[in-house]
Amino acid sequence: MLKYDPAVFAVGEDYQIMVPVTSNSLFWIEIDGKSFYDEQNGIMRSLCLIHRVLVPMHILDMAKRYTVCEREIIDRKPYFPVTVDTVRTEFEFKPVPNDDIRIYHVADTHNKVEEPVAASRLFGKIDLLIMNGDIPEHSGQISNFYTIYSIAEKITHGKIPIVFARGNHDLRGYHAEEILQYTPNSNGNTYYTFKLGSVWGLVLDCGEDKDDTHAEYGLTVRCHIFRERQTEFIKYIIKNAGTEYNSEGIMHKIIISHNPFTYQLPEPFNIESEIYSEWARLIKENIKPELMICGHLHKLCISYKGDKMDNLGQPSTLIIGSDVNNEYHAGCGLTLKKGSKTEVTFCKSNGLKENIVLEK
């Protein structure tokens, strides 16, 4: 039936509750007597390996619990389909608080599960999980996508929100074009905003890390036009600031991107300087975020505006919060407090951790 505990992804003003299953089934979520269905144009989905149900955030935040309902299909005949009895599983839910917010960031797990989970336990109890790209090794096998749900289950147990961003390795392989079926998105877009408690965030997706024509890709990507669309999206957000980052109750603004696009590595990774500089300028002059949180580089570090990593105009302090090598996997804990400096905790699966208080 349920392959893993549900993952409660935050996208816009909705939660996308997603969970892989082991058999063809009808699927819905019940909250305080109201049902939310996995349906398309009035048809309940059953021929799928993973279900998705959209629930308005305010409803689940208020209820603080939800029930997963699954009804296995034995024979979906045109008339009188055969099903088994509905199985109901209840989960508690903890919305993100407005203050003293504990966030854990994991990226670049490349199909590893136990190591990143062990690192997360060093940070302890959290209110929000950020999964920031390259969680699967690549999209060459559907089974790789289950890494996302295995890590999510072990860290969140279906009880707290998750923000998901795509990484460059996620664009590679036979099933890359199907990843939207297995991950949260906003009407098919892998870039979006979210509001959780007093936190507003913008998720950006740089796509691949080399030019579209690079031989490594074999013409399978076209990320330049994809990035141009995100430039227009950032401008749209700025025009609607009152309902986005300037909306009532927002105290923390963060940017999430797998690739730290304001830091350009040597050739062939020194791409899109014009587009990335424009992203940075628009964000810095208008949104004025507190933090930019990234992975991709397989290192743990903090870059302040004007530092040597600031090639294209960092809009804020940049945290590179994931590392992977033969000795350990590392992630990053963040503690956001009203009127206080942000605390950063780099956590390694070998049991070592480092605490840093950010400069203002």
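Residues numbered from 1 in each chain as written. Predicted model: local features only at pLDDT ≥ 70, side-chain atom pairs only at ≥ 80, totals over all residues. Heavy atoms only, no water.

A.B. asks: How should the overall build of the protein chain be read in this particular structure?
C.D. replies: From N to C terminus, the protein chain includes 6 helices and 22 strands. Compactness check: the protein chain gives a C-alpha radius of gyration of 20 Å against a globular reference of 21 Å for 360 residues, within 12% of the reference. Overall size of the protein chain, expressed as C-alpha extent along the three principal axes, is 65 × 50 × 45 Å. Looking at the protein chain as a whole, 56% of its 360 residues are labelled buried. If you take every contact in the protein chain between residues at least 6 apart in sequence, the share linking residues at least 24 apart comes to 70%. (Helix = DSSP H or I, 4+ residues; strand = E, 2+ residues; numbered from the N terminus. Rg over C-alpha atoms; globule rule 2.2 N^0.38 Å. Buried < 20%, exposed > 50% of the residue type's maximum accessible area, 1.4 Å probe, protein only. Contact = heavy atoms within 4.5 Å.)

A.B. asks: Looking at this structure, how should I read the side chain of N144?
C.D. replies: For N144, the position within the fold is in helix α3 (residues 142-156). On the basis of relative accessibility, which here comes to 4%, the residue N144 falls in the buried class. Within the local environment of N144, its side chain forms a polar contact with the side chain of N111, the two groups lying 3.0 Å apart. Not counting the four nearest positions on each side in its chain, N144 is found in contact with N111, P136, E137 and H138. (Polar contact = N/O pair within 3.5 Å; in protein donor to acceptor, adjacent residues only side chain to side chain.)

A.B. asks: Can you help me understand the nonpolar core in this one?
C.D. replies: When a protein is soluble and globular, its nonpolar side chains tend to lie buried together. Membership of the largest hydrophobic core comes to 73 residues, with the highest contact counts inside it found for L60, Y66, M131, V163, F194, L196 and I319. Leaving out residues up to four positions away in the same chain, F194 has contacts with A10, G12, V163, V199, W200, G201, L202, V203, I254 and I256. Residues F226, I275, I283 and M292 belong to the second largest nonpolar core, which totals 30 residues. (Core = buried A, V, L, I, M, F, W, Y, C linked by side-chain atoms within 4.5 Å.)

A.B. asks: Explain the pattern of salt bridges to me, please; I cannot follow it from the model alone.
C.D. replies: Side chains that differ in sign of charge can pair as their charged atoms come close. On inspection of all chains with the given rule, the structure shows 16 salt bridges. With a shortest N-O distance of 2.7 Å, D205 and R166 are connected by a salt bridge. Taken together, the residues D205 in the loop between β15 (199-204) and α5 (223-239) and R166 in the loop between β13 (161-165) and α4 (179-182) connect sequence positions 39 residues apart. For the pair shown, D205 and R166 are each scored as buried. (Salt bridge = Lys/Arg side-chain N within 4 Å of Asp/Glu carboxyl O.)

A.B. asks: Is there a simple way to explain the state of the cysteines in this structure?
C.D. replies: Two cysteines form a disulfide when their sulfur atoms are joined by a covalent bond. Going through the model one piece at a time under the given rule, you end up with 0 disulfides. Here C206 stays free of any disulfide, with the sulfur of C294 as its closest cysteine sulfur at 7.7 Å. Free cysteine C301: the closest other cysteine sulfur is in C294, separated by 9.7 Å. (Disulfide = S-S within 2.5 Å.)

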